[in-house]
Structure formats: C-alpha cells, structure tokens
Amino acid sequence: MGGQLHTATKQPLRTSLLMEDIGQALSVQYNNLVYDMKAAGRDIITLSLGEAFFDLPLPSFDGLTTPDLHHYSHSRGLPELRRLLAKYYETRFTLPVDPDTEVIVTAGSKAAIYMALMAILDPGDQVIVPEPYWLSYPAQIRMCRGEPVMVPHDVPVFDFERFVTARTRAVIINNPNNPSGHIYTRAELEYLHELADRHGLLLIVDEAYNEFMPPGTEFLAAGALDPDKEHTVTVNSMSKNYGVSGWRIGYLIANQRLTDQILKINQHLVTCAPTILAAYLAERFDDLLDITRPQIQRTVQLRNRVGTWFADNGIDTLPGTSTFYLFVSLGGSSLDSTEFAGRLLKESGISVVPGIGYGDSCDRHIRVSVGSESQDRIARGVAAIRDLVESTTPAHLPARPYPTQFARPEGRI
C-alpha cells in the first residue's frame, strides 16, 4: 500500500546438507586445540601432529633462476619441478613418467586426492576404503557425492573383492599407512592391481610417506606394477619427505586421459601451486633430500623404538614399521578412543588422536606420532598412556609388567 514500507521476513542462511553431515578432520581439530592450549601457556606433549620436525636451513630465495616468481606458473606445475619429480619416480622406483602429460603439481596432496576423486566419481559411485584410513578419504569421497565403503582393519587385503559392487569405481590406500605404519607387500599390491583389472577399478595410492622406510627396506611404488598407468593414480607430497608441510606442495601421477580432467579442476580451484615455493624446491630438490634423509631414518628408528616401549608395557600396536606413527591399542580400558584422548589431554597434558577418526573398527586405538617431540618427552607420553589404560581397566583383567625404564615414582615418570 502507498506510504507503507514492506517488511520482509528474514530467512535463515541455508547451508548444504552434505556439508552439515561432514565433520572436521579429527587430527586437525585436536591440533587446533593444542595450539590454543599452548598459546594460553600450557605445556603440551604433542603426540598428535601429522608431521616430523627436521633441522632445515631457513629458506633463501636469492639466486633462484626461474623468472616471474611472484606470478602464476603453468597450471600443471612448474616445468622444472615436474621434470625432477618424474625423474625421481623413474630412477628410484622404476616408474616411467612423462613430465609434460602425466604429472600435476598441486597445492598439497590433499587437493590432489580430492581432484582425482572428483574426476572419476558420479553421484552414488562407491570407493573401497580400508581401515585404518587416512582420515580425510571418506569425507572427500562424500564431498564428491560418492559413497565410501569401509573395510574393517582386521580384513586381509586378499578379501577386498567381497566389498566390490556394480557401483564400485576405485580403491584408495595409503602406503605406507598413516596411522599404522604398515607397508603393503608386493603380493598385496599385485592382488590390488589384479582386482582393478578384473573389475575396471581405479587404484588410488597415496604414497606421502614413501621415504619413511626402515633401514634396509626398499619401497615398492604401486605404479611400478602398472607402468602404463592404465588404472593407477599415484599421489605424493613434498611436505613430509622435505619437512615443509606448511608449504602445501603435492603432486599426482596418472595417465594423460585422467590428468587432462584433473587439470581442469586444478585450474578452476587454485590455478597453480605456489610458484616461488615450487621454484625453491626445484632448485634444491636433491640437496634438501640429502639433508632430510638421515633425519628421516632417525625418526623411523625412534618410531620403532617407541613401539618396543609400548610392547614392554603390555600395550599392543597394529603391525607396522614405517612412518612416524603408531596405532596404539587401548587394551582393556573401559574408555573409547575419544574419551581416552580427551582425558589424556586434560589430565596429563598429552595430545594424541582418537582412533575413531580412522574408521569405526579403530575405536579401540589411538594414533601416536613421534615426529615432533624429544625422546624423553615421548617416554613421558608412553608412561601416561600406560597409566591411563591401567587406571581405566576393570580390576578383574590381569595387570601388566612395568619394566625398569618406566619405573614410576608416585605413579608417574
């Protein structure tokens, strides 16, 4: 009516039902809490971080020869870096790679995995995800409108075929595995390739920890068993092996038909990986690995030493010898993994990641990372985990021995 203002009813903001149903990445969520607690002045023994801290030279960009460092680079990735990554896989893992058509450098390997899934999945397509999985796989599959099909952690690789349906498009694995440290054997990888061939599946292999191998152990790249890349996508990260997780440089290797599709996604989402950081890594590709490899070896040795500490205290871990993680059993504790991790952080100032983040079959475990703390502080963490397991285990269950290196004055180290 004339002279009257129309007052519209305000409508609440509507967000996607899909995203409402997807939680935060549990490890990142816990580490954000740790950052907040440290900022408030609390000393936290951090056994939850998904990275290893190396002694690295501070970056200097003086003398870089790549022009236009402050500007966009090729959306497939800086050509110099692609050539080096192709050479790295060809000479070290006998996987021939065309740097011009079969490599895409991305803003972190998380983005590479997501883009690969987006390029192959239609709504309702299924992806087989063995537990324990890296915790973002199911969320990324769902964000691509796909359906993750979880395989409990006690199911052998050779039984994966029973999870294949008419809607299955891919299998995704992390090799070596975060959080268990398991290294897939040649027989297991050969079986997965046969499975992919038989059912027309894509095998997505996340090899972000490929350098973190025990002394004397050679890493078998899954793509080496499929050199024409007929059904294999290899994803890797410079973050872990080079100790530069904050730089967000990852990459993937696949046949050209697939990389041409992924390239479009990369162009529409991020354009290209950070040019100046890619140039730095290209200029110092081998030099940085020469610095980090001895430190990687010491980290893996520490990881396996910590595994013996847990075993000596009657605490089991899932089998594995690689990475800097251990997937630690809660034994007879009456707590689930979320309750256990919460109490450990609140009462002892020790952060770990609840096992439920790695699959429903993993709620009786916690992930322990040894990459960012000293040996003495890790030992304090192991003792606190042991003590909490003991104090929350019903009295009728048998007690465990306590060796001398963990003798407890007044119940704590």
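Keep in mind it's a predicted model, so treat the numbers as computed, not measured.

Novice: What's the story with the side chain of Thr393 in this structure? I'm lost.
Specialist: One can find Thr393 in the segment after helix H12 (375–391). Within the structure, Thr393 has its side chain in polar contact with the backbone nitrogen of Ser333 (distance 3.4 Å). Within the local environment of Thr393, its side chain forms a polar contact with the backbone oxygen of Val389, the two atoms lying 2.5 Å apart.

Novice: What is the right way to read the UniProt feature "domain: Aminotransferase class I/classII large" (unreviewed entry) in the protein from this model?
Specialist: Feature annotation in UniProt places "domain: Aminotransferase class I/classII large" (unreviewed entry) on residues 66–379, given in this structure's numbering. Structurally, residues 66–379 comprises 39% helix and 16% strand, and the distance from its first C-alpha atom to its last is 46 Å.

Novice: Just checking my understanding: could you explain helix H9 (residues 275–283) for this structure?
Specialist: Structural remark: α-helix, 3.6 residues per turn; residues separated by three or four positions point the same way. Of all 9 residues that make up H9, 7 are buried, and the element is covered over most of its length. Turning to H9, its buried residues are Thr275, Leu277, Ala278, Ala279, Tyr280, Leu281 and Ala282. Buried-residue contacts for H9 involve helix H3 (79–93), helix H7 (238–242) and helix H10 (285–312).

Novice: Quick question: what am I supposed to make of the packing of aromatic side chains here?
Specialist: For any two aromatic rings, the description comes down to two numbers: the centre-to-centre distance and the angle of the planes. Enumeration over the complete set of coordinates arrives at 18 aromatic pairs. Geometrically, the ring pair formed by Phe54 and Phe212 is stacked, given 6.4 Å between the ring centres and 20° between the ring planes. Taken as a pair, Phe54 in the loop between strand S1 (45–46) and H3 and Phe212 in the loop between strand S6 (202–206) and strand S7 (232–237) lie far apart in primary sequence, 158 residues in all. One exposure class covers both Phe54 and Phe212, and it is buried. Measuring from centroid to centroid gives 6.4 Å for Tyr89 and Tyr251, while their planes differ by 75°, and the two rings are edge-to-face. Note that Tyr89 is positioned in helix H3 and Tyr251 in strand S8 (residues 250–253), a separation of 162 residues in sequence.

Novice: Before we go on, may I ask you to explain the pattern of salt bridges in this structure?
Specialist: Any two side chains of opposite charge can pair, so long as their charged atoms come close to each other. Going through the model one piece at a time under the given rule, you end up with 12 salt bridges. Here Arg169 ties to Asp125 by a salt bridge, and the two come within 3.3 Å at their closest N and O atoms. Of the two residues, Arg169 sits in strand S5 (residues 168–174) while Asp125 sits in the loop between helix H4 (109–120) and strand S3 (126–130), which places them 44 residues apart along the sequence. For Asp125, a relative accessible area of 13% corresponds to the buried category. Across the pair Asp387 and Arg386 runs a salt bridge whose closest N-O atoms are separated by 3.0 Å. Both residues of the pair, Asp387 and Arg386, belong to the buried class. Residues joined by salt bridges that share partners form a network here, namely Asp43, Glu373 and Arg377.

Novice: Explain the packing of H3 against H9 here, please?
Specialist: In helix packing, the relevant descriptors are the interaxial angle and the interaxial distance, both defined with respect to the helix axes. Interhelical geometry of H3 versus H9 gives an angle of 45° and a closest axis separation of 8 Å. As the angle between them shows, H3 and H9 are arranged oblique. For the pair H3 and H9, the sense of crossing is left-handed. Here Glu80, Leu81 and Leu84 of H3 come into contact with H9, specifically with Ala278, Leu281 and Ala282. Counted by class, the contact of H3 with H9 contains 5 nonpolar, no polar and 1 charged residues.

Novice: Explain the pairing of strand S9 (residues 325–329) here, please?
Specialist: The two faces of a sheet get side chains in turn, since along a regular strand they alternate between them. The buried count for S9 comes to 5 of 5 residues, which makes it a mostly enclosed element. On S9, burial covers both faces: Tyr325, Phe327 and Ser329 on one face and Leu326 and Val328 on the other are all buried. For S9 and strand S12 (residues 365–369), the ladder comprises 5 bridges, and the chain directions are antiparallel. Among the inter-strand pairings, Ser329 is bridged to a residue of S12, identified as His365.

Novice: Whenever I open this one, unusual backbone geometry confuses me. Can you help?
Specialist: Both trends apply: most residues other than glycine have a negative phi, and most peptide bonds are in trans. Residue Pro132 is reached from Glu131 by a cis peptide bond, and omega for that bond is -5°. Turning to its location among the elements, Pro132 is positioned in the loop between S3 and helix H5 (137–143). The phi angle at Arg145 is positive, at roughly 65°, despite the residue not being glycine. Look at Arg145 and you get partly exposed, because its relative accessible area is 47%. Although it is not a glycine, Thr323 sits at a positive phi angle of roughly 65°. Mapped onto the secondary structure, Thr323 falls in the loop between H10 and S9.

Novice: I keep staring at the sheet that holds strand S11 (residues 353–354) and nothing clicks. Help me out?
Specialist: Ordered by their spatial adjacency, 3 strands build an open sheet running S9-S12-S11, and the pairing between neighbours is antiparallel. The sheet is open, and its two edges are formed by S9 and S11, each paired on a single side. Pairing geometry for S11 and S12, over 2 bridges, is antiparallel. Among the inter-strand pairings, Val353 is bridged to a residue of S12, identified as Arg367. On the sheet, H10 packs against S9 and S12 and is oriented at approximately 15° with respect to S9.

Novice: Looking at this structure, I do not really get helix H8 (residues 256–269). What am I missing?
Specialist: Look at H8: 20 Å from first C-alpha to last across 14 residues, which is about the 20 Å you get at 1.5 Å a residue. Buried within H8 we find Leu258, Thr259, Ile262, Leu263, Ile265 and Asn266. Following H8 by one or two positions, Thr271 has its phi on the positive side, about 70°.

Procedures and definitions
- Sequence order sets the numbering: in each chain, residues are counted from 1 along the sequence as written.
- Only residues with pLDDT of at least 70 are given local features in this predicted model, and only at 80 or more are side-chain atom pairs given and counted; all residues enter the totals for whole chains, interfaces and linings.
- Calculated side-chain values reflect all of the structure's heavy atoms, with hydrogen atoms and water omitted.
- In this text, helices come from DSSP runs of H or I with a minimum length of four residues, and strands from runs of E with a minimum of two, each type numbered from the N-terminal end.
- Two N or O atoms count as a polar contact when they lie within 3.5 Å, although within protein this holds only if one can serve as hydrogen donor and the other as acceptor, and sequence-adjacent residues are included solely when both atoms are side-chain atoms.
- UniProt positions are given in the numbering used here, feature names are shortened, and annotations may be inferred rather than shown by experiment.
- Relative accessibility under 20% of the residue-type maximum defines a buried residue, over 50% an exposed one, and the middle range a partly exposed one, all with a 1.4 Å probe and only protein chains included.
- Residues are treated as being in contact if the distance between any of their heavy atoms lies within 4.5 Å.
- Two rings from Phe, Tyr or Trp (for Trp, the six-membered ring) form a pair when their centres are within 6.5 Å of each other. A pair whose planes differ by under 30 degrees is stacked, one over 60 is edge-to-face, and the rest are tilted.
- Only one rule defines a salt bridge in this text: a Lys or Arg side-chain nitrogen within 4 Å of an Asp or Glu carboxyl oxygen.
- To get an axis, fit a line to the C-alpha atoms, keeping to the stretch in contact for a helix; angles then go from 0 to 180 degrees between the N-to-C directions.
- Under this scheme an angle from 65 to 115 degrees is roughly perpendicular, one under 35 degrees roughly parallel, and one over 145 degrees roughly antiparallel; angles in between are oblique.
- Left-handed describes a crossing in which the near helix is turned anticlockwise from the far one by less than a right angle; the clockwise case is right-handed.
- We call Asp, Glu, Lys and Arg charged. Ala, Val, Leu, Ile, Met, Phe, Trp, Tyr, Cys and Pro are nonpolar, and the rest, Gly among them, are polar.
- Note on pairing: DSSP must find at least two bridges between two strands before they are called paired.
- One less than the residue count of a helix, multiplied by 1.5 Å, gives the span that helix is expected to have.

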